[in-house]
Amino acid sequence: MKRYRYSLLAVIFILFIYYPAQAQKLEGRVIEHKLKNGIQVLMLERHEAPVVSFHVLFDVGASDESVGITGIAHMLEHLAFKGTKTIGTTNYEKEKPLLEKLDKIVIQLREERARGEKADPAKIQQLEKEFAETQAEANKYVVTDEFSKILQVNGGVGLNATTSQDSTRYFVSLPANKVELWALLESDRIANLVPREFYSEQDVVLEERRLRTDSSPIGKLFEQFQALAFNAHPYHNPTIGWESDMRNYTREKVEAFYKKYYVPANATIAIVGDINPQEVIELMEKYFGAIPPAPKPPKVVTVEPPQVGEKRIQVELDANPHILIGYHKPDINHPDEAVFDVITSILSEGRTSRFYKNLVEKRIATNVDSFTGFPGDKYPNLFSILATPLTPHTNKEVEEGIYAELEKLKTESVSAEELQKVINNVEASFISSLASNSGLASQLAFFQAITGDWRNLEKHIDRIKAVTPEDIKRVAKQYFIKTNRTVAEIVKREKPQG
């Protein structure tokens, strides 16, 4: 029951290890408050320790990008730590014209370089010199990492952010007496972000792409698989972005993206820990309530058309073979989502799973893993299987073994004992206790923003308990068919003859 990015099994585990031994329901404990400008706030009191976790989720990710600006949501996430008009600078009024001058120089440089062989080397050299001098002048006003340092010196831990296809999140945990400090800093970031150090950060994200995709066989495999599986929907594009787009960002485009998507109506904030909800509401109204309202950006309307035949790609690399198989499936709110989670658990959860017993234990593969929700959950996505053959076995042998297990799901009823095992795992997690506030805040924000209601976190468990052997057969027959399948594999690059 695994999900590529937000495993529902993990979600359920996280949910229930947060519960006390009495397995209290979240209903009645989560307090909701919506500011007039549209910010949705979720709060949950837990007084075991004097700490509070904050998760801010913006309902915007890579799937909201268009051709030419792929990766810009992730770039904006990086820039969100560079400060505001008052944080991260010693004098924004003097810094601002230098930042604008840098933008103009970069545009001239790109235009000149775009002329190719007709470019004027002397002009390029002069512009590069002017850029370096202006950059150095602008840097005199920068207070490096001031936003992060303020939180850290005040006891902040776990400070970080993530960008996915569906959302962008910012999170940190602080001592309980620092709630107002967090509210001041975070509200200022939403209202007054300044994307300073833009061009140096552009190099940072390009390096991130080189490490995670261009230099990683698995990274390249996933990128090619994703691009092949989706023709029309923006899930086609990698979250990190295509390199040519990343090299041509401008501050103007990033600021336009920020103004469109970082609006109150697009923000969900979850706060879990040693809090007084009424006091938190007063702080939220004081600091976040003044942010001007704006319309919630529209959702993606493009729908991936039905696949009409199997898609396959061989990624030729000097790397060990791997195979990645995906089947199109509905989004997270579809009734079949719980069935896919049960299937994932049956196939690859632990050493008693079918893939492990029939492919790993028999030494055909070193690992076979399945997961749902790739590359996102908000829109129709993929149920996927990633496997690595064990030498001397091949991708083809592993692929045939995987299909054999999927066929059994169509033709043989899962036993009551095996199905009960999955449910027992959920219930065992239910009585677990003691876990971080941050995990629960994360999932509350995710389910509220992506599924429309944080209560779906609990409802999903009931849906899993209601899955029957017939449901599994039906879903397997409907989705695990050749015409709905995309296959990508890494094959050894052949060495040139002679």
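The structure we're discussing is the one just above.
Residues numbered from 1 in each chain as written. Predicted model: local features only at pLDDT ≥ 70, side-chain atom pairs only at ≥ 80, totals over all residues. Heavy atoms only, no water.

Moving on to unusual backbone geometry. Residue Pro375 is reached from Phe374 by a cis peptide bond, and omega for that bond is 0°. Of note, the bond from Thr391 into Pro392 is cis; its omega dihedral lies within 30 degrees of zero at 10°. Position of Pro392 relative to the elements: it lies in the loop between β10 (381-389) and α14 (395-411). Backbone geometry at Arg363 places phi at a positive 60°, although glycine is not the residue there. Topologically, Arg363 is positioned in the loop between α13 (354-360) and β9 (365-374). Residue classification places Arg363 among the exposed positions, given a relative accessible area of 56%. (Helix = DSSP H or I, 4+ residues; strand = E, 2+ residues; numbered from the N terminus. Buried < 20%, exposed > 50% of the residue type's maximum accessible area, 1.4 Å probe, protein only.)

What follows deals with the pattern of salt bridges. Using the criterion set out here, one finds 32 salt bridges in the structure. Across the pair Arg113 and Glu128 runs a salt bridge whose closest N-O atoms are separated by 2.6 Å. Highlighted residues: Arg113 in helix α3 (residues 92-113) and Glu128 in helix α4 (residues 121-139), separated in sequence by 15 residues. Residue Glu128 is classed as partly exposed on the basis of its relative accessible area of 36%. Arg312 is the salt-bridge partner of Glu310, the closest N and O atoms lying 3.3 Å from each other. Assessed through its relative accessible area of 25%, Glu310 is described here as partly exposed. Beyond isolated ion pairs, a larger network of salt bridges with shared partners links Glu27, Glu32, Asp453 and Arg455. (Salt bridge = Lys/Arg side-chain N within 4 Å of Asp/Glu carboxyl O.)

This part covers empty space enclosed by the protein. For the structure shown, the criterion picks out four cavities of 30 Å³ or more. Taken as a whole, the largest cavity holds about 60 Å³ of empty space. The class makeup of the residues in the lining of the largest cavity is four nonpolar, one polar and five charged. Contributing to the lining of the second largest cavity are Leu99, Leu102, Asp103, Gln135, Pro195, Arg196, Glu197, Phe198, Tyr199 and Arg251. In terms of residue count, α3 provides more of the lining of the second largest cavity than any other element does, three residues in total. (1 Å grid on protein atoms, 1.4 Å probe; cavity = no way out; pocket = protein on both sides within 12 Å on 5 of 7 lines; lining within 4 Å. Points joined across faces, edges and corners; volume = space filled by probe spheres on them. Nonpolar A, V, L, I, M, F, W, Y, C, P; charged D, E, K, R; others polar.)

Here we come to the pairing of strand β11 (residues 485-492). Of all the eight residues making up β11, seven are buried; the element is thus mostly covered by neighbouring parts of the structure. Where strand β7 (residues 311-317) lies against β11, seven bridges are found, and the strand directions are parallel. Note on β11: the bridge partner recorded for Gln314 is Glu489. Here six bridges tie strand β8 (residues 322-329) to β11, and the two strands are oriented antiparallel to one another. Looking at the pairing, Ile323 lines up with Glu489 of β11. (Pairing = 2+ DSSP bridges.)

Looking now at helix α16 (residues 437-451). For α16, which comprises 15 residues, the first-to-last C-alpha distance of 21 Å matches the rise-based estimate of 21 Å (1.5 Å per residue) to within 8%. Within α16, 14 of the 15 residues are buried, which leaves the element mostly enclosed by the surrounding structure. Two residues or fewer after α16 comes Gly452, characterised by a positive phi angle close to 95°. (Expected span 1.5 Å × (residues − 1).)

Turning to helix α6 (residues 179-192), a few remarks are in order. Since there are 3.6 residues in each turn of an α-helix, residues three or four apart along the chain are aligned in direction. Here α6 is 14 residues long and its end C-alpha atoms lie 20 Å apart, about the 20 Å a rise of 1.5 Å per residue gives. Residues of α6 that are buried: Val179, Trp182, Ala183, Leu185, Glu186, Ser187, Asp188, Arg189 and Ile190.

This part is about the packing of α14 against helix α18 (residues 469-479). Closest axis-to-axis distance for the α14/α18 pair is 7 Å, and the angle between their directions is 125°. It follows from the interaxial angle that α14 and α18 lie oblique. Once α14 is placed against α18, the crossing between them reads as left-handed. For the pair formed by α14 and α18, the contact residues are Leu409, Lys410 and Thr411 on the first element and Ile472, Lys473, Ala476 and Lys477 on the second. (Axes fitted to C-alpha atoms, helices over the stretch in contact; angles between N-to-C directions. Parallel < 35°, antiparallel > 145°, perpendicular 65-115°, else oblique. Left-handed = near helix turned anticlockwise from the far one by under 90°. Contact = heavy atoms within 4.5 Å.)

Here the second largest pocket is characterised by a volume of approximately 330 Å³. Together, 14 residues line the second largest pocket, and Val106, Arg110, Arg113, Tyr199 and Gln202 are the ones closest to its centre. Those elements that provide at least two residues to the lining of the second largest pocket are α3, α4 and α7 (198-214). Examining the composition of the lining of the second largest pocket, we find that five residues originate from one element, α7, more than from any other. Of the residues contributing to the lining of the second largest pocket, the split by class is five nonpolar, four polar and five charged.

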